[in-house]
Amino acid sequence: MAVPGLLEIRNVSKYYNIPERPLLQVLDNTSFCVEPGAFVSIVGPSGCGKSTLLRLILGLDDDYQGDILLHGERIVGPSLSRGIVFQDHRLLPWLTLEQNVGLALENVKRPARDKAKTVREHIDLVGLHGFEKSYPHQLSGGMAQRAAIARGLVNRPEILLLDEPFGALDAITRIRLQAELQQIWRVEGISMVLVTHDVEEAIFLSHKIIVMNANPGRIAREILVDLPSPRDRASNAFNEIRREVFSLMGESTVLSLAA
Amino acid sequence: MTVNTGTVVAGSAILDPSTNSAFNPSAAPAAATPTLTPISDTSAAKRPRNAKGFFRGGGYIGIILPILIIGLWHESANRGWVDAVFLPPPLEVVKESWLMLTEQDLLHDFWISISIVGQAFVYGSVLAISLGLVAGLSRKVELFFAPTLNTLRHIPSVAWLPLIVLWLGLGAPAKILVLAKSVFFPVFLNTLQAIRHVDKNYIELSRVLTLSRWKMVKRVILPAVLPSIAVSLRYSAGLAWALVVVAEGLSGLEGLGFLIFRAQGLLLTKQLLVCMIAIGMVGFVIDRGLYLLQRRVTRWKVAFEG
C-alpha cells in the first residue's frame, strides 16, 4: 500500500463555461487539506460544488484555478492511487462481481494469481464472500455498493474518495454500511474523503467536516469532530455538532429541521 | 417488397443517436442500468436459464397454428375449393419434394442459396462491425463516411443488382456482393449507434480505473454493444435469406430463387410450394440460431419475459 500523503486543496476555483449563458462559478477559492490517514467529509446543499470538487481531486477535470496537491505534487489525471466509490455503484452489468472488482487491476502489472488473491481478499473485506460469480443485477443495492467499495480499495489507494456512496440506500443499510466503512478505514489506514448531504453520516465518520455553501460553492467552515469512537448518534455532543452544521448550511435547513 | 425493407426499415439515420434499432422490438438500449433485486440464492451464477425449450414450458402451442393451416389447405384441396393448378394438396407437395430431392437435385440449389447467403452474411457483418466500431470510436471517421454511406444506403439492393451483374456476371459473386451490402447497413448502423449509446458513466469509470483505450473497448464498449449487434445480425441474416430468392430469380440459373421463378413460369405450382416451404424453414432455423446467440450475449441482462 502506498503511504497516504497529505492532500491539499489550495485556492481552487472552478467555472463552467456553458455557451450562451453567463459564466457559472461553481467553486470559489476553496482551500482545505486532508491529513494523511484522516477521514474528511464534505457536506453542503446540492449545487454547492462538492461533487465537482471530488471530480477535480479525482483528476477527471483539470480545468480549474488553484492547486490540488498530493504529496506536494499537483494532481494530473486519474491515478490508481486515488480510489473512488460513486453514488450509483457503477458496476458493469456484464461482469461478475469478481470481474468488476478485478477491473480496477487491469492496468496493474502483477501476476494473475496475485491479482485474483487480492480481489478475493477485498470481496471478503466487504463481506461479499460467496457472491464472486454473481452479476450486479443479482445483488441488492447495499451489496452492489459494497462491491463498489471493494473495487475502490482493491488497488490499495492512498486515498479513497466517496461520492455520496450510501445516498441511494435505505436507512438501515446505510447505517450498517457506515459502520463497516469506518471499520475498513481503520484496517486499511488510508485517507478517505466523503462527499455527502447526510450530516449525521458525516459526523459519525469524520475527523473533520468541511461545510459548504452554494452559489457559488465555497467553504463555510471546517469543523473538527473530536468525539470518542464509537460515536453515539443520540448523544448531546453529537447533536451539538449537528446543529452547528445545519446552521452553517443556512437558515432554511434549520427551519425545515424544526418543522 | 422484401428488397426495400432492409434499407428503409433498418435505415435509422446515421447521425441521429435517438433512433435505436427501430426495426426490432427486442432491441434494448445497450447500456441499461440493471435493476437491483435482492438476491435470494448464493449460487447466483447458475441463474436458471429462462430460455424455454421449444416444447417445454408451453412452447408447443406454437405448433397448433401450422397444423390448422395445413389442415385447412388439405381440406380446400380435397373439396376442390381451389384448383390444384393454383394450390395442390399438401400430400402432393410432399411427394413432389421427394421427387425434387431424388431426381432434380434440389439439395444442390439449396446449398447454392445457403452458401451465397452464408458468405454474404460473413463478409457484410464482419465489415459492418469493424467499420461500425471504428466510426463509433472516432467521430472523424463517422463524419468521413456518413454522407457517402447515407446515400448508398438508400439505393435498394435490387437496384444495385443489374450493375453488379454487368460487372461480375451472372454467378455467385454478384449476388454475394449485393447481399453483403444489405447485411452491412443494419449491422453497421446498429453497431455505431450502440456505441453512441454507451453510458458515459462507464467511460468515466474506465478513465478513473486508468484503462487503456484498447482495454476500454474490450471490457466496456464491446460488451455494452454486443446485444445490439446480435439483434442486428439476426435481423440482417433474415433479410439476406429473403433477398437471395429475389437475386436468384433476377439473375442466374440455379438456387432456390431461380427454381421458384422457373416454377411459376412453367406453372409447376407444386415445385413452387416446395421451394417456398424450404425457404421458410431455413429462415426459421437461421433465426433460431441467431436468437440463441443473442440470448447468449445478453445473459447478464434481466429481461422482460412476457
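This next bit is on helix 6 (residues 157–168) of chain B. All names here are of chain B. For helix 6, the complete set of buried residues consists of Ser 157, Leu 161, Ile 164 and Val 165. Buried residues in helix 6, looked at end-on, bunch into an arc of 105 degrees, giving them a common side. Facing away from the buried surface of helix 6 by more than 90 degrees, the exposed residues are Pro 162, Leu 166 and Trp 167. Just downstream of helix 6 lies Gly 169, where phi reads positive at about 90 degrees.

Sheet strands pair via backbone hydrogen bonds, and the direction of the pair is either parallel or antiparallel. All names here are of chain A. In space, the six strands of this open sheet follow the order 6-7-8-3-9-10, with mixed pairing throughout. The open sheet has two free edges, formed respectively by strand 6 (82–85) and strand 10 (218–224), since each of these has just one partner strand. Recorded for the sheet is a direction-independent mean angle of 20 degrees between the axes of neighbouring strands. As paired strands, strand 3 (residues 39–43) and strand 8 (residues 191–196) are joined by five bridges and run parallel to one another. Within strand 8, the residue paired with Ile 42 across the bridge is Val 195. Most of the contacts of helix 7 (residues 236–249) go to strand 10, to which it runs at about 170 degrees, and overall it touches strand 3, strand 9 (208–213) and strand 10.

This next bit is on the sheet that holds strand 1 (residues 7–16) of chain A. Residues and elements named next belong to chain A. The strand order across the open sheet formed by four strands is 2-1-4-5, and the pairing between neighbours is antiparallel. Every other strand in the sheet has two partners, leaving strand 2 (24–34) and strand 5 (73–74) as the edge strands with one partner each. Looking at chain direction, strand 1 and strand 2 are connected through seven bridges and run antiparallel. Note that in strand 2 the partner of Lys 14 across the bridge is Leu 27. Running over the sheet, helix 1 (residues 50–58) touches strand 1, strand 2 and strand 4 (65–70) and is turned about 120 degrees from strand 1.

Turning our attention to the pattern of salt bridges. Residues and elements named next belong to chain A. Evaluated as defined, the whole model comprises 27 salt bridges over all chains. Note that Arg 221 and Glu 244 form a salt bridge whose closest N and O atoms lie 2.9 Å from each other. In this pair, Arg 221 is assigned in strand 10 and Glu 244 in helix 7, connecting sequence segments 23 residues apart. Taking relative accessible area as the criterion, Arg 221 reaches 40% and is therefore assigned partly exposed.

Now for unusual backbone geometry. Excluding glycine, most residues fall at negative phi; most peptide bonds, likewise, are trans. Residues and elements named next belong to chain A. The amide bond that connects Asn 215 to the next residue, Pro 216, takes the cis arrangement and shows omega of -15 degrees. With respect to the secondary-structure elements, Pro 216 resides in the loop between strand 9 and strand 10. You will see that Asn 11, though not glycine, has its phi angle at about 50 degrees, which is positive. In this structure, Asn 11 sits in strand 1.

Moving on: the packing of helix 9 (residues 213–250) of chain B against helix 10 (residues 256–265) of chain B. Geometrically, a packed helix pair is captured by the angle between its two axes and the distance between the axes. Residue and element names in this part refer to chain B. Where helix 9 meets helix 10, the axes come as close as 7 Å, and the angle between the chain directions of the two elements is 55 degrees. Judged on the interaxial angle alone, helix 10 and helix 9 are oblique. Pair helix 9 / helix 10 crosses with right-handed handedness. Each of Trp 241, Val 245, Glu 248 and Gly 249 in helix 9 lies in contact with helix 10, whose residues at this interface are Leu 256, Gly 257, Phe 258, Ile 260 and Phe 261.

Time to look at a nonpolar patch on the surface. Taken together, the side chains of Tyr 60, Ile 61, Ile 63, Ile 64, Leu 65, Ile 67, Leu 68 and Ile 69 of chain B define a hydrophobic patch exposed on the protein surface, amounting to about 820 Å² of accessible area. Within the secondary structure, Ile 67 of chain B sits in helix 2 (residues 64–78).

Once that is clear, we can look at the nonpolar core. Leu 7, Ile 68 and Met 192 of chain A together with Phe 188 of chain B are the most contacted members of the largest nonpolar core, which totals 145 residues. Top contributing element to this core by residue count: helix 9 of chain B, with 15 residues. Counting residues in each nonpolar core, the second largest holds six residues, with Ile 164, Ala 174, Val 178 and Ala 247 of chain B among its members.

In this section: the packing of aromatic side chains. Applying the stated rule across the entire model yields seven aromatic pairs over all chains. Between Trp 94 of chain A and Trp 300 of chain B, the aromatic rings sit 5.3 Å apart at their centres with planes inclined by 70 degrees, giving edge-to-face as the arrangement. Placement of Trp 94 of chain A in the loop between strand 6 and helix 2 (97–103) and of Trp 300 of chain B in the segment after helix 11 (269–297) is noted, with the two residues assigned to different chains. Trp 300 of chain B matches Trp 94 of chain A in its accessibility class, with the two residues each being buried. Where Phe 110 of chain B meets Trp 111 of chain B, the ring centres are 5.7 Å apart and the plane angle is 75 degrees; that geometry is what we call edge-to-face. The exposure class of Phe 110 of chain B is buried, given its relative accessible area of 18%. Connected via pairs of aromatic rings, a cluster forms that spans Trp 94 of chain A together with Tyr 202 and Trp 300 of chain B. Across from the ring centre of Phe 204 of chain A, 4.0 Å away, lies the NZ or CZ of Arg 233 of chain A, which sits over that ring.

The rules we used
- Residues numbered from 1 in each chain as written.
- Chains lettered and ligands numbered in written order.
- Predicted model: local features only at pLDDT ≥ 70, side-chain atom pairs only at ≥ 80, totals over all residues.
- Heavy atoms only, no water.
- Buried < 20%, exposed > 50% of the residue type's maximum accessible area, 1.4 Å probe, protein only.
- Helix = DSSP H or I, 4+ residues; strand = E, 2+ residues; numbered from the N terminus.
- Arc of directions from axis to C-beta.
- Pairing = 2+ DSSP bridges.
- Axes fitted to C-alpha atoms, helices over the stretch in contact; angles between N-to-C directions.
- Contact = heavy atoms within 4.5 Å.
- Salt bridge = Lys/Arg side-chain N within 4 Å of Asp/Glu carboxyl O.
- Parallel < 35°, antiparallel > 145°, perpendicular 65-115°, else oblique.
- Left-handed = near helix turned anticlockwise from the far one by under 90°.
- Patch = residues over 30% accessible without salt bridge, like charges linked within 9 Å, V, L, I, M, F, W, Y side chains within 5 Å.
- Areas by Shrake-Rupley, 256 points an atom, 1.4 Å probe, with all protein chains shown as cover.
- Core = buried A, V, L, I, M, F, W, Y, C linked by side-chain atoms within 4.5 Å.
- Phe/Tyr/Trp six-rings, centres within 6.5 Å; stacked < 30°, edge-to-face > 60°.
- Lys NZ or Arg CZ within 6 Å of the ring centre and 35° of its normal.

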